[in-house]
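Now for the letters of each chain:
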Amino acid sequence: MIQQLVVANAGQGMLSTILFVTVSFLVLLLALKKFAWGPVVDMMQAREDKIASDIDNAEKSKIEADKLGKQREMELKQSRTEAQGIIAQAKETAENNAHAILLEAEEHATRIKKQAHEDLRIERERMIDEAKKEVADLSVEIASKILKKELSASTHQELIQSSIEKLGVDEDE
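Residues numbered from 1 in each chain as written. Predicted model: local features only at pLDDT ≥ 70, side-chain atom pairs only at ≥ 80, totals over all residues. Heavy atoms only, no water.

## As for the overall build of the protein
Stage number 1. Of the regular secondary structure elements, the protein holds two helices and zero strands.
Stage number 2. Across the 173 residues of the protein, 4% fall into the buried class.
Stage number 3. For the protein, the exposed area adds up to about 15,700 Å²; of that, 63% sits on carbon and sulfur atoms. (Helix = DSSP H or I, 4+ residues; strand = E, 2+ residues; numbered from the N terminus. Buried < 20%, exposed > 50% of the residue type's maximum accessible area, 1.4 Å probe, protein only. Areas by Shrake-Rupley, 256 points an atom, 1.4 Å probe, with all protein chains shown as cover.)

Structure, rendered in structure tokens:
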């Protein structure tokens, strides 16, 4: 009987323990729900919102980066096109300048050539005039030696003119 009493007493103690543990567990659950569950759910919701916001920001940043990349690429293409235009214009200007310099050089050479021909013509005329004078002087000397007398000034002039005319006639032939 003692055994039965101990078992019965133990059964009743166990039932009270189970009942106590169950009530304690329910009170603990209610306390957790009231004090811990709300803040944990709020914290999880805030974390979920932050992650969603970060994902949205990352997508926006990616879209903005793609947009900026395309814009930079377009600006680079435009810069290359402008650079090619500037180079083409510089080449054209250089060719025009070279052509103008060549024309100017040809004109200068032509002027120098004309001036040289003119100088030669003037020098030739001067030399012919000097030769005529020398021939006239020699002719007078020869004539005076031949005649053994000095010619008068008028006779001298006539001889010079006739000699010059003969030289002019001989020169044309």
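Following the structure, the description resumes.
## A closer look at the UniProt feature "transmembrane region" (unreviewed entry) in the protein
Stage number 1. UniProt feature "transmembrane region" (unreviewed entry): in the numbering of this structure it lies at residues 12-32.
Stage number 2. Secondary structure within residues 12-32 divides into 100% helix and 0% strand; the distance between the first and last C-alpha atoms comes to 30 Å. (UniProt positions renumbered as here; feature names shortened; annotations may be inferred.)

## Observations regarding a nonpolar patch on the surface
Stage number 1. Together, Phe 25, Leu 26, Leu 28, Leu 29 and Leu 32 line one region of the surface with nonpolar side chains, adding up to about 480 Å² of accessible area.
Stage number 2. By secondary structure assignment, the location of Leu 32 is in helix H1 (residues 2-147). (Patch = residues over 30% accessible without salt bridge, like charges linked within 9 Å, V, L, I, M, F, W, Y side chains within 5 Å. Salt bridge = Lys/Arg side-chain N within 4 Å of Asp/Glu carboxyl O.)

## Side note on the pattern of salt bridges
Stage number 1. Counting across every chain of the model gives six salt bridges.
Stage number 2. Between Asp 54 and Lys 50 there is a salt bridge, with its nearest N and O atoms 3.0 Å apart. Taken together, the residues span about one helical turn, with Asp 54 and Lys 50 both in helix H1 at a distance of four residues.
Stage number 3. In this structure Lys 50 comes out as exposed when scored by relative accessible area, which is 52%.
Stage number 4. The shortest N-O distance in the salt bridge between Arg 126 and Glu 130 comes to 2.2 Å. You can see Arg 126 and its partner Glu 130 sitting in helix H1, four residues apart, about one turn around the helix.
Stage number 5. Looking at Arg 126, the relative accessible area reads 37%, which means it is partly exposed.
Stage number 6. Judged by relative accessible area, Glu 130 falls into the partly exposed class, the value being 37%.
Stage number 7. One network of salt bridges, in which partners are shared, links Glu 118, Arg 121 and Glu 125.

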